[in-house]
Every structure is written in C-alpha cells, then in structure tokens.
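What follows is the residue order along each chain.
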Amino acid sequence: MYQTTSDKIKTFLLNLITKYIVWIIIAVVIIIWWLFPDMTMTLAKILLLYAPATVLFIAFILAMTRIGFRSKRDEERGIGQYEIIVTKWDFYLIDFIIYGGSLLILAMPFIVNEKGVGVTDLLQTVAFFVFANWLKTIFLNKIPK
C-alpha cells in the first residue's frame, strides 16, 4: 500500500498517543519534578482541579483513534457494514436507561444536597433526557423497518 509522508507521520503520532501515552505522561512528570521541584505542588493542584475533564478528553482521543484504526482495518478486509440484532428487550433497556437516568439525576440532590432539587439539577435532567431521546431516535431510524 502506498503511503505519503503525511500518512506515515499521522500513523506514527496516533500510535505514539495510543500505545505510549502513559509513558509520555510519566516522563513529563519526572522531568518537571527533577528540573522544577517547586512546580510539582502547582502541577498537583492543577491536576486535581482539571482531572475529570482531562481524563474524559484523553479517553475521547483514545476512543476516536481506536475507532479510526478499527474502521480502517475493517475497510482493508472488505467489511463495510455490520449486522446488529436488536430485540424488544433492548428497547426496554434503552427506555429504562433514559427514564431511570433522568430519575437518578433528580434523586441525587435529595441524597447529597440538603436543599433538595435546584434549577441546575432540573436543567441537567432535561439535557440528559433530550440528548438520550435524540440518540434513541437516531438509533431507531437506522433500523430497517
């Protein structure tokens, strides 16, 4: 297969990110700790503050690169479509996740917060419900009738 230089660089970077991301992070932390010992406390505070968003972002990057590699590999093998079998229990499970998740988002403030449900909790519930139903309709429209 013919590869251009940019394809080789892209493949190298994606392999570097997906296979060696942990070692890169460890090396950067050790270098910062070795060269700038005062900066480690600041780095720890920043890491604790942005850890959830950082983990989600890195997981998103890893998932997207994995999907890209898998789809390219399947395309080279000649696999263009997948067959998915959906039963009626899958629809029940989807509805349970949507409504149960919405109720769980509303129930958590009663358990954790002494003030009860606030406007933010209602907005989160509505956002989850709308987004989950939107994904459900996209999924249902993909199923042949």
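Everything that follows concerns the structure shown earlier in this document.
Here's what I pulled together on the structure shown here. Since we're looking at a predicted model, the values are computed, not measured. (Residues numbered from 1 in each chain as written. Predicted model: local features only at pLDDT ≥ 70, side-chain atom pairs only at ≥ 80, totals over all residues. Heavy atoms only, no water.)

## A few points about the overall build of the protein chain
Reasoning step 1: Counting secondary structure elements, the protein chain contains four helices and zero strands.
Reasoning step 2: Over its C-alpha trace the protein chain gives a radius of gyration of 22 Å, far above what one expects of a compact globule, namely 15 Å for 145 residues.
Reasoning step 3: Its C-alpha atoms give the protein chain principal-axis dimensions of about 55 × 50 × 20 Å.
Reasoning step 4: Expressed as a percentage of its 145 residues, the buried residues of the protein chain come to 8%.
Reasoning step 5: Sequence-distant contacts, at least 24 apart, represent 57% of the contacts inside the protein chain between residues at least 6 apart.
Reasoning step 6: The distance from the centre of the 14 positive side-chain charges to the centre of the 10 negative ones in the protein chain is 4 Å. (Helix = DSSP H or I, 4+ residues; strand = E, 2+ residues; numbered from the N terminus. Rg over C-alpha atoms; globule rule 2.2 N^0.38 Å. Buried < 20%, exposed > 50% of the residue type's maximum accessible area, 1.4 Å probe, protein only. Contact = heavy atoms within 4.5 Å. Lys, Arg positive; Asp, Glu negative; His and termini not counted. Charge placed at Lys NZ, Arg CZ, Asp CG, Glu CD.)

## Re helix α4 (residues 119-142)
Reasoning step 1: Taking 1.5 Å per residue, 24 residues should reach 34 Å; α4 reaches 35 Å between its end C-alpha atoms and fits that length.
Reasoning step 2: Of the residues making up α4, those classed as buried are D121, T125, A132 and K136.
Reasoning step 3: Packed against the buried residues of α4 are α3 (88-112). (Expected span 1.5 Å × (residues − 1).)

## Topic: the packing of α3 against α4
Reasoning step 1: Direction vectors running N to C along α3 and α4 enclose 170 degrees, while the axes themselves pass 9 Å from each other. Taken together, the axes of α3 and α4 lie roughly antiparallel to each other. Note on element contacts: α4 touches α3 through D121, L122, Q124, T125, F128, F129, A132, N133, K136, F139 and L140, opposite F91, I94, D95, I97, I98, Y99, G101, S102, I105, L106 and P109.
Reasoning step 2: By residue class, the composition of the contact of α3 with α4 is 14 nonpolar, five polar and three charged. (Axes fitted to C-alpha atoms, helices over the stretch in contact; angles between N-to-C directions. Parallel < 35°, antiparallel > 145°, perpendicular 65-115°, else oblique. Nonpolar A, V, L, I, M, F, W, Y, C, P; charged D, E, K, R; others polar.)

## Focus on the packing of aromatic side chains
The description of two aromatic rings rests on the distance between their centres and on the angle between their planes.
Reasoning step 1: Within the structure shown, the criterion is met by four aromatic pairs.
Reasoning step 2: Here the aromatic rings of W89 and Y92 are separated by 5.1 Å at their centres, their planes lie at 75 degrees, and the arrangement is edge-to-face. Of this pair, W89 and Y92 both sit in helix α3, separated by three residues, roughly a single helical turn.
Reasoning step 3: For Y92, a relative accessible area of 46% corresponds to the partly exposed category. (Phe/Tyr/Trp six-rings, centres within 6.5 Å; stacked < 30°, edge-to-face > 60°.)

## Some words on the pattern of salt bridges
Reasoning step 1: For the structure shown, the criterion picks out one salt bridge.
Reasoning step 2: Here K136 and D95 are joined by a salt bridge, their closest N and O atoms 2.5 Å apart. Highlighted residues: K136 in helix α4 and D95 in helix α3, separated in sequence by 41 residues.
Reasoning step 3: With a relative accessible area of 25%, D95 lands in the partly exposed category. (Salt bridge = Lys/Arg side-chain N within 4 Å of Asp/Glu carboxyl O.)

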